[in-house]
Amino acid sequence: MPMNSVVKYFSDIFKAIKSLWKGLMVTGYYFVHPRQIVTQQYPENRKNLQMFDRFKGEVILVHDENNQHKCNGCGICQLNCPNGSIEIITDSVPNEDGKSERIIDKHIYHLSMCTFCGLCVKSCPSNALAFGQEFEHAVFDRQKLTKVLNKPGSKIKKEPKEPKAPKPAETEVKSNPAN
Amino acid sequence: MAFNIYDFSTTTKAVDEWLKATLSPTWAFVTELVIVGLVFLIVYAIVGLYLVYAERKVCAFIQNRVGPNRVGKWGLFQTIADLIKLLMKELVTIKRADKLLFNVAPFIVIIASFMAIAAIPFAKGLHAVDFNIGVFYMMAVSSIGVVGILIAGWSSNSKYSLIGAMRSGAQVVSYELSVGLALLSVVIFSGSMQLSTIIESQANGWWIFKGHLPAIVAFVIFLIASTAEINRGPFDLAEAESELTAGFHTEYSGIKFAFFFLSEFMNMFIVASLAATVFLGGWMPLHIGNLEAFNRVMDFIPPIFWYLGKTVFLIYVIMWFKWTFPRLRIDQLLTLEWKYLLPINLVNILLIAFLVLMGWYFK
C-alpha cells in the first residue's frame, strides 16, 4: 500500500504537468495565430457585413416579388407572443364565392417590446413570419419602433387548392389533444 | 572572462560627481534622491500601464478576440485613458469602515512593490541599491504587500473583502516558503545573496542551464509559487470575481483602486524580473562556457535588452498561465503547496547542496 501511494504521488505530478501542458498548447496556438480571430470589427466592416441566417434581428412578414404574403390573419402569433408585441387587426371582405373572408388589415409589431424569443415564427401555421437580419434599430423616436409588417397594397398569396389539403388538417386534429 | 559590457555605474558616478561639484553635499544628496524617485515613479507608471495593456491584448489573442483597439493605434492609449478616468473618479468612503486603515492600505501595497523594484538590476550597474542580501531583501519587502491586502480587507467592513483578504493571507504566507526555497537553490549555487554577484556568476551560462535538472525544478517551482504570491490566476482566489466580486479591493474606488491594480501588475513585473535575474542571468547575455566567438556575438545586444527580453518573456508566461488554467479551490491551493511544492522543494534543496558539495554542476 505505501508503495502504491508513492507511485500515485509521482504519477499525479506527471499527469498534472501533462494535462497542464496540453492546455497551454491550445491557448498558445491561438496566441500565435491571430488570423483565427472571430471578432467582427463592426462599424468598419458595415458595408460588407454578412449576418448569419439564424440571426434574430427583427420579425418580418415575408413578402414575395408580387408583394404577396402568406398571412391570413388567424392571430396565433398574437396569442403566442408572451409580452404582447404583436397586434393583429383583421378585416373581412367578400370572396369570389360571395362569402365573407378574413384578411389581414394590419400586422402591428412592437419592436420595442420584442424579446426575440421566436414563438411567433415557430407557431405561425402558414409560415408567414420569419426573422430578418436587420439589427440597426436605434431611433430617436419611440413611435418608430412600432411597425406595420404587411406592406401597403400587399395581398395574401392564395394556395392553389390541392387534393392533398385534408391530410395536414387530419394530423393537426390528432396532435391537438396532445397539446 | 574578458568581455566588454557597458557599466552604467560610470554614468551614475559622473552625474554624482557633477552634482557634488556644483551643489553642497546635502543638496547633491537630496537632488539624487529626487532624480531616482522621479525616474522610478515614471518607470513604475509606464510599465504598470503597459502591462495592463499587454495583459488585455494577450488575453484577447488567446481568446480569439482583438482586444483594445480604439484609443490610438492598436489601442495603445487605452490604459492611459483608463487611468485618467480613474483619477477623476470619486473616492467613496465606506460607512463604518476603519477610515485610517482603509486609506493606508493601498499605500502599503504600493510601497511594497516600490521597495522591491529598487533592488532590481536593470543593466550592469543600473540599480538603485545593491544590497549584499538582495534576494533576502526582495523576499522580505515583497511580503509587506500581503499586510496591505489584509488591512484593506479588514478595514473595508465588507464580507467579500474580508474573505478575499483572508484567502490571500493564507495563500501568500504558504507560497512565500516555496518562493524562498526556490530562490535559495540559486543562492546555494552562486554562494551569494547579492543580486549583482548572482548575475556575475552567470557570465559563463545561466543557472537554469548550469544547474541542470535541480535548477529547472527550482525555476518551475518559483514560477508557480510566485504566480500564487502575486495573486494572479489560476491562484486569484483573493479576488475571484465570480464568488467575491473583487475580493479585498471591492470597496475601493478611483485612484486607490488604481493603486491596488497597478501594484498587482508591478508585482508581476518584479517577480518576472527576479526570476530572470536569478535563473536566466538578468542582464547577462547568453554565454556558453568558453565559446569566445559566440559569447562575443551575444555581447553586441545591449544588456538592458537582454534583461527586458527575459522579463517580458516571463511576464508572457505568467499571463499565459492565467488565461489557460482554471482557478483553484482554496483546499486545492493549500494541497498543492504543502503536499507537492514544499516537499519537492526541500528535496531539491538537499540535492542542490549535495551537487554543490561534490561540484557536480557546470562551473
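Residues numbered from 1 in each chain as written. Chains lettered and ligands numbered in written order. Predicted model: local features only at pLDDT ≥ 70, side-chain atom pairs only at ≥ 80, totals over all residues.

Some points on the overall build of chain A
Across its full length, chain A holds four helices and seven strands. Reading the secondary structure of chain A in the N-to-C direction produces α-β-β-α-β-β-α-β-β-β-α. Classification of the 179 residues of chain A by burial places 11% in the buried group. (Helix = DSSP H or I, 4+ residues; strand = E, 2+ residues; numbered from the N terminus. Buried ≥ 20, exposed ≤ 12 C-beta atoms within 10 Å, placed from the backbone.)

Some points on the overall build of chain B
Secondary structure assignment for chain B yields 15 helices and zero strands. A compact globule built from 363 residues should have a C-alpha radius of gyration of about 21 Å, and chain B, at 21 Å, falls within 12% of that. Projected onto its principal axes, the C-alpha coordinates of chain B cover approximately 65 × 60 × 40 Å. Of all 363 residues assigned to chain B, the portion counted as buried reaches 43%. A separation of at least 24 residues holds for 78% of the contacts in chain B among residues at least 6 apart in sequence. (Rg over C-alpha atoms; globule rule 2.2 N^0.38 Å. Contact = placed C-beta atoms within 7 Å.)

Description of the interface of chain A and chain B
The accessible area lost on association of the parts is a frequent measure of interface size. Each partner contributes residues to the interface: chain A has 13 residues there, and chain B has 11 residues. Grouping the amino acids of the side of chain A that touches chain B by side-chain chemistry returns eight nonpolar, five polar and no charged. (Nonpolar A, V, L, I, M, F, W, Y, C, P; charged D, E, K, R; others polar.)

Side note on the packing of helix α10 (residues 212-229) of chain B against helix α15 (residues 330-358) of chain B
Residue and element names in this part refer to chain B. Contact geometry of α10 with α15 gives a least axis separation of 10 Å together with a crossing angle of 145°. With respect to the hand of their crossing, α10 and α15 are arranged in left-handed fashion. Of the residues in α15, those touching α10 at P214, V217, A218, I221, I224 and A225 are L341, I344, N345, N348, L351, I352 and L355. Classifying every residue of the contact of α10 with α15 by side-chain character gives 11 nonpolar, two polar and no charged. (Axes fitted to C-alpha atoms, helices over the stretch in contact; angles between N-to-C directions. Left-handed = near helix turned anticlockwise from the far one by under 90°.)

Concerning the packing of helix α7 (residues 159-190) of chain B against α15 of chain B
Residues and elements named next belong to chain B. Direction vectors running N to C along α7 and α15 enclose 15°, while the axes themselves pass 9 Å from each other. On the basis of their axis angle, the class for α7 and α15 is roughly parallel. For the pair α7 and α15, the sense of crossing is left-handed. Residue composition of the contact of α7 with α15, grouped by class: 19 nonpolar, six polar and two charged. (Parallel < 35°, antiparallel > 145°, perpendicular 65-115°, else oblique.)

Observations regarding the environment of A165 of chain B
Residues and elements named next belong to chain B. Note that A165 resides in helix α7. A tally of 27 C-beta atoms within 10 Å means that A165 is categorised as buried. Expressed as a C-alpha distance, the spacing of A165 and K339, which sit 174 residues apart in the sequence, is 23 Å. Leaving out residues up to four positions away in the same chain, A165 has contacts with I149, L150, A152, G153, W154 and F248.

Section: helix α5 (residues 134-142) of chain B
Residue and element names in this part refer to chain B. Turning to α5, its buried residues are G134, V135, M138 and S142. Take α5 and look down its axis: the buried residues cluster within an arc of 105°, on one side only. Packed against the buried residues of α5 are α4 (99-118), α6 (144-155), α7, α8 (195-200) and α12 (254-279). (Arc of directions from axis to C-beta.)

Some words on the confidence of the model for chain A
Predicted coordinates in regions of low pLDDT should not be interpreted in detail. All names here are of chain A. On average, residues of chain A carry a pLDDT of 82, and 87% of them reach 70 or more. Across chain A, helix α3 (residues 119-123) holds the top mean pLDDT of 91, while helix α4 (residues 166-178) sits lowest at 46. Here residues 167-179 is a poorly scored stretch, pLDDT under 50, and it has zero contacts once near neighbours within four places are set aside; other chains count. (pLDDT = per-residue confidence, 0-100.)

Quick word on the nonpolar core
Of all hydrophobic cores here, the largest spans 95 residues; its most connected members are F222, A275 and F279 of chain B. Considering each element in turn, this core owes the most residues, 17 residues, to α12 of chain B. Among all residues touching A275 of chain B, those that are not within four sequence positions of it are F222, L223, S226, L280 and L314 of chain B. In this structure, V59, I104, A128 and L129 of chain A belong to the second largest nonpolar core, which totals 13 residues. (Core = buried A, V, L, I, M, F, W, Y, C linked by C-beta atoms within 7 Å.)

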